[in-house]
Amino acid sequence: MQPSDDQQPGSTTSPVADPAPMDPRKPDTTRLYTFLCEHLLSDDEATTQPLLAVELLPFGYSNLTYRVRLGQRELILRRPPVGANVRSGHDMSREYRVLSALTPIYTRVPRPLVYCDDPAIFGAPFYVMERVEGVILRRPLPDGLSLAPETIRAVSEAFVDNFVAIHALDWANTDLKQLGHPEGYTQRQVAGWRERYARARTEDIPGITQIEAWLDEHIPSRSDAALIHNDYKYDNLILAPQHLPTINAVLDWEMATLGDPLTDLGTTLAYWIDPNDPGERHDGLLDDGLTTLPGNLSRSDLAQRYATQSRRDLGEIVFYFVFGLYKNTVIAQQIHARYVKGLIPDPRFGRFLPAIHALTTTALRAIEKNRIDELG
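Structure report, in brief.

Reading guide: rules and limits
- Residues numbered from 1 in each chain as written.
- Predicted model: local features only at pLDDT ≥ 70, side-chain atom pairs only at ≥ 80, totals over all residues.
- Heavy atoms only, no water.
- Helix = DSSP H or I, 4+ residues; strand = E, 2+ residues; numbered from the N terminus.
- Buried < 20%, exposed > 50% of the residue type's maximum accessible area, 1.4 Å probe, protein only.
- Areas by Shrake-Rupley, 256 points an atom, 1.4 Å probe, with all protein chains shown as cover.
- Expected span 1.5 Å × (residues − 1).
- Axes fitted to C-alpha atoms, helices over the stretch in contact; angles between N-to-C directions.
- Parallel < 35°, antiparallel > 145°, perpendicular 65-115°, else oblique.
- Left-handed = near helix turned anticlockwise from the far one by under 90°.
- Contact = heavy atoms within 4.5 Å.
- Nonpolar A, V, L, I, M, F, W, Y, C, P; charged D, E, K, R; others polar.
- Phe/Tyr/Trp six-rings, centres within 6.5 Å; stacked < 30°, edge-to-face > 60°.
- Lys NZ or Arg CZ within 6 Å of the ring centre and 35° of its normal.

Okay, the overall build of the chain next. Broken down by element type, the chain carries 11 helices and 10 strands. A burial count over the chain gives 52% of its 376 residues as buried. A total of about 17,500 Å² of accessible surface is found on the chain, and carbon and sulfur atoms cover 49% of it.

Here we come to helix H10 (residues 317–340). The end-to-end C-alpha distance of H10 is 34 Å, a good match for the 34 Å that 24 residues give at a rise of 1.5 Å each. For H10, the tally of buried residues reaches 21 of 24 residues, placing the bulk of the element in the interior.

At a minimum axis separation of 11 Å, helix H8 (residues 261–271) and helix H9 (residues 299–310) run at an interaxial angle of 160 degrees. Looking at the two axes, H8 sits roughly antiparallel to H9. Between H8 and H9 lies a crossing whose hand is right-handed. Together, Pro261, Leu262, Leu265 and Leu269 of H8 and Arg299, Leu302, Ala303 and Tyr306 of H9 make up the contact between the two elements. By residue class, the composition of the contact of H8 with H9 is seven nonpolar, no polar and one charged.

It is worth spelling out the environment of glutamate 212 at this point. The residue glutamate 212 is located in helix H7 (residues 208–217) in this model. Sequence separation between glutamate 212 and tryptophan 193 is 19 residues; the distance between their C-alpha atoms is 9.5 Å. Non-local contacts of glutamate 212, meaning those with residues more than four positions away in its chain, are made with Arg194, Tyr197 and Tyr326.

Here the structure, examined in full by the defined rule, presents 15 aromatic pairs. An angle of 5 degrees between the planes, with centres 4.3 Å apart, marks the rings of phenylalanine 163 and tyrosine 232 as stacked. Taken together, the residues span a long stretch of sequence, with phenylalanine 163 in helix H5 (residues 149–167) and tyrosine 232 in the loop between strand E7 (226–228) and strand E8 (237–240) at a distance of 69 residues. Across the pair, tyrosine 232 and phenylalanine 163 agree in class, each one buried. Ring geometry for phenylalanine 319 and phenylalanine 323: centres 6.4 Å apart, planes at 5 degrees, overall stacked. Of this pair, phenylalanine 319 and phenylalanine 323 both sit in helix H10, four residues apart, which is roughly one turn of the helix. For phenylalanine 319, a relative accessible area of 3% corresponds to the buried category. Classification of phenylalanine 323 by relative accessible area gives buried; the value is 1%. Grouped by ring-pair contacts, the aromatic residues Phe159, Phe163, Tyr232, Tyr234, Trp272 and Tyr306 constitute a single cluster. Arginine 196 extends its terminal NZ or CZ atom over the ring of tryptophan 193, reaching a point 4.3 Å from the ring centre. Between the NZ or CZ atom of lysine 233 and the centre of the ring of tyrosine 271, over which it lies, the distance is 5.1 Å.

Written as structure tokens, this is what we have:
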């Protein structure tokens, strides 16, 4: 028997009592139902006792994302993964504040609705935002979606142009100015990610020490300051179904801060796989292969379009690319460490060690060749 639309695999319908510790895959939604009715519904709406359905979405490797149906409303709920440090990159209150501050100056974000800091409601602090309709590019592609070369070319160009627009936002006159201190950002980032790697280390990875030393020696002396997303890639965009190059929203602002925008570009370039990249990069784990589709900008073309549109000097782009690869390595290592400790049973997380090796190898090749492309 197939589940109905309101009862997808991994979903729970409320109210249901469960005395056991909360499993994020099958959460007790009794308290959540009460909380959402109190904070999001009018008195008249609440008295109708609308059905609540909660579905854990099977995408991403960081914060947990749920689709929530409260009566006729469709919402998105975000909470930290099990075993995560909620005061760091999984700080839900910070992500909620970022979205709240962004909404007046940038229309391409989901509207945040309510934040809850009481872990008794849903197992951890969380926030709820509106659900934005559209297409997210990830495998498997939605049925009937055509990605002809001319379409994907336009999407990749819109991807870059929107990236430039984010880095041009006037954050200084908003609450976003409280996010951080841009001065010395890149140097702090290199040191901080090295510390994170040391804490998450589980195996000896050849080349890590060499990459860390190279980054220390090549930190740019000057940098710009901008609002940066820190995880800008295809599957964090919602595209208009009738015209894919139109971006309806940008998702996952959990790591957004103020700093050098070229570190943001470097992270994106580290995600961007070229068709002629070494075979170990095409593992479908950290990238689902969409950037290799015919019509996409190459990694070098992406960087050049960014430079033209933003008028920023990319003379030190190899540093930023290697830093992006290293940062992604550390993130993959953190996820792998949680899996090794048994904190996340999802078998997807057991595949991260080869990806860590692939990222490290790519960084070493970029250092050797002093370029961001033709790394085979």
